[in-house]
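# Structural characterization, general
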Amino acid sequence: AKTKTTWNLTYREVANKKLKADVFQPVGDGPFPSVLMVHGGAWAAGSKWDVIMHGRALARAGYVVLSINYRLAPKFKMAAQVDDVRFAARWMVDNAEEWKIDTSRIAFWGYSAGGHLVSQVALQSEPEDPSLRAVVAGGAPCDFNFIPMRSKALNFVLEGTRESNPKNYERFTPLNYARKDAPPFFFFHGDKDLLVPQQSSKSLYEKLKELEVQVDYYSVANKGHMMTFLDSKAQGQVIAFLDSQLKDNKDSGKNGATSKTPNSSSEGS
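These numbers come from a predicted model, not from an experiment. Along every chain, residues carry numbers that run from 1 in the direction the sequence is written. Restriction of local features to residues with pLDDT of at least 70 applies here, the model being predicted, together with a cutoff of 80 or more for giving and counting side-chain atom pairs; totals for whole chains, interfaces and linings are based on all residues. With hydrogens and water stripped out, all remaining heavy atoms of the structure feed into the side-chain values.

### Comments concerning the packing of aromatic side chains
How two aromatic rings sit relative to each other is given by the distance of their centres and the angle of their planes. Put simply, the rule is: Ring pairs are drawn from Phe, Tyr and Trp, using the six-membered ring of Trp, whenever the two centres fall within 6.5 Å, and their geometry is named by plane angle: stacked under 30 degrees, edge-to-face over 60, tilted for the rest. Where helices and strands are cited, they refer to DSSP runs of H or I of at least four residues and of E of at least two residues respectively, numbered from the N terminus. Placement of a charge over a ring requires the Lys NZ or Arg CZ to be within 6 Å of the ring centre, with the centre-to-atom vector within 35 degrees of the ring normal.
Counted by the stated rule, this structure contains eleven aromatic pairs. Where Trp7 meets Phe24, the ring centres are 5.9 Å apart and the plane angle is 85°; that geometry is what we call edge-to-face. Highlighted residues: Trp7 in strand β1 (residues 3–14) and Phe24 in strand β2 (residues 17–26), separated in sequence by 17 residues. Plain terms: the ring middles of Trp43 and Phe144 are 6.1 Å apart, the flat faces sit at 55° to each other, and that makes the pair tilted. Remark: Phe144 occurs in the loop between β6 (132–138) and α5 (155–158) and Trp43 occurs in the loop between β3 (32–38) and α1 (52–60); sequence separation between them is 101 residues. Taken together, the ring pairs connect Phe185, Phe187, Tyr205 and Tyr217 into an aromatic cluster. A cation over an aromatic ring shows up here: Lys48 above the ring of Trp49, its NZ or CZ 3.8 Å from the ring centre. Over the ring of Phe76 we find Arg71; its NZ or CZ atom is 5.4 Å from the centre of that ring.

In C-alpha cells, the structure reads:
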C-alpha cells in the first residue's frame, strides 16, 4: 500500500522545547485507525528516528502513525515523559481531521521505555484522554522489582533508589494501575532479554489476565532486547493483533484472515 510521511511536526511546546513528531499515513480518503508510537532508550536516549521501520510497516498496514519525541532524562525527570505521551494522544484527537484519523480507533505502541510509557498512560487514563482500542508494549518494564533496592541505576530519571524514594517508583509502575476496564494489551518480549527481564512485563500481563482484560503475550524465542525490537515475526504478530482490535471485516478486506492473533493465550477472555 502507498504511504506518505510528514517529518518533524511540532506537536507540543513545553519547557522551551519544541517536541517533534513524524506522521506516517496510508494514501487514501480515510479516516484510518491510528497508532501513537513511542520510542525506547531508557527514558534518556533514542528518538523517533529509531522506529521509522515500525512506523512505515504500520502505515502500509493501513494505520496513521504519530511517532513522537518526548523530553528526556536526566534533564527531565519522570512525569515529563508521561505528560508528553498523554499530550500527544490528545493532540491526535484535536488534529484528527487534518491527519485522517478515526478517533474511535486509536491504539498505542511502545518499545522498552516507550512500552513503559504507553502502558502507564493507558492504565492511568484521565477523562480528557482518548479512549483506546489497544495497547502494544514490547520489551517493557512494567514493574521495577528487578532493580535492586539500593541500585542507583534509575536515579537519573526516578530521583533516587527504590529504597530512598519508593513512592516515585510506585507512582510510575504501570502494574499498580491495572484495572478491569483496561483496553486490550499485546506484550512481546525476548526470552533472552538481559536488560529488561520478561518477568517485568509478565507481571502486568498476569495481573490484567486475572482482571479478565483481553491480553496476549508473545515470547520471542532466543532473542535479546535489541533483536526482539528488530524481529519481523514479532512485528507481524503486532499488526495481526492491531487488525483484530481496530479493523472490522469490511475494513481489513483481504487481511480478514489474519485478524485473529495467533499465540494468544486468552482469546476472548
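### Comments concerning the pairing of β6
Stated precisely, the cut-off is as follows: In this scheme, a residue with accessible area under 20% of its type's maximum is buried, one over 50% is exposed, and one in between is partly exposed, where area comes from a 1.4 Å probe on protein chains only. A pair of strands is treated as paired once DSSP finds two or more bridges between them. Clockwise travel from the first strand over the helix to the second, with the strands pointing away from the viewer, marks a crossover as right-handed.
Where burial is concerned, most of β6 is hidden: six out of the seven residues are buried. Summarising the sheet, strand β5 (residues 101–111) and β6 pair through six bridges and their orientation is parallel. Considered in β6, the bridge of Ala107 is made with Ala134. Remark: the β5/helix α4 (residues 113–123)/β6 crossover connection has right-handed handedness. With four bridges connecting them, β6 and strand β7 (residues 185–190) associate as parallel partners. Each residue of the ladder has a partner; that of Val135, found in β7, is Phe185.

### Overview of the pairing of β2
With seven of ten residues buried, β2 is to be regarded as a mostly interior element. Two elements, β1 and β2, share nine bridges in a ladder whose sense is antiparallel. Bridged to Lys4 within β2 is Gln25. Following β1, the chain reverses through two residues before pairing antiparallel with β2; Ala15 in that reversal takes a positive phi of roughly 50°.

### Regarding a nonpolar patch on the surface
Quick reminder of the rule: Patch rule: a residue counts if its relative accessible area is over 30% and it has no salt bridge; like charges are joined within 9 Å, and nonpolar side chains (Val, Leu, Ile, Met, Phe, Trp, Tyr) within 5 Å. The method behind every accessible area is Shrake-Rupley, applied with a 1.4 Å probe, and residues are considered shielded solely by the protein chains displayed. Any carboxyl oxygen of Asp or Glu within 4 Å of a side-chain nitrogen of Lys or Arg constitutes a salt bridge here.
Taken together, the side chains of Met53, Met226, Met227 and Leu230 make up a nonpolar region of the molecular surface, amounting to roughly 390 Å² of accessible area. Looking at the secondary structure, you find Met53 in helix α1.

### Things to note about the environment of Phe172
Using the following cut-off: Working rule for contacts: check all heavy atoms of both residues, and any pair within 4.5 Å makes them a contact.
Topologically, Phe172 is positioned in the loop between α6 (166–171) and β7. For Phe172, a relative accessible area of 3% puts it in the buried group. Once the C-alpha coordinates of Phe172 and Gln235 are considered, the two residues, 63 residues apart in sequence, prove to be 27 Å apart. Contact partners of Phe172, with chain neighbours within four places excluded, come to Met78, Ala79, Val82, His116, Gln120, Phe144 and Leu158.

In short, the description is geometric, and any link to function would need to be established separately.
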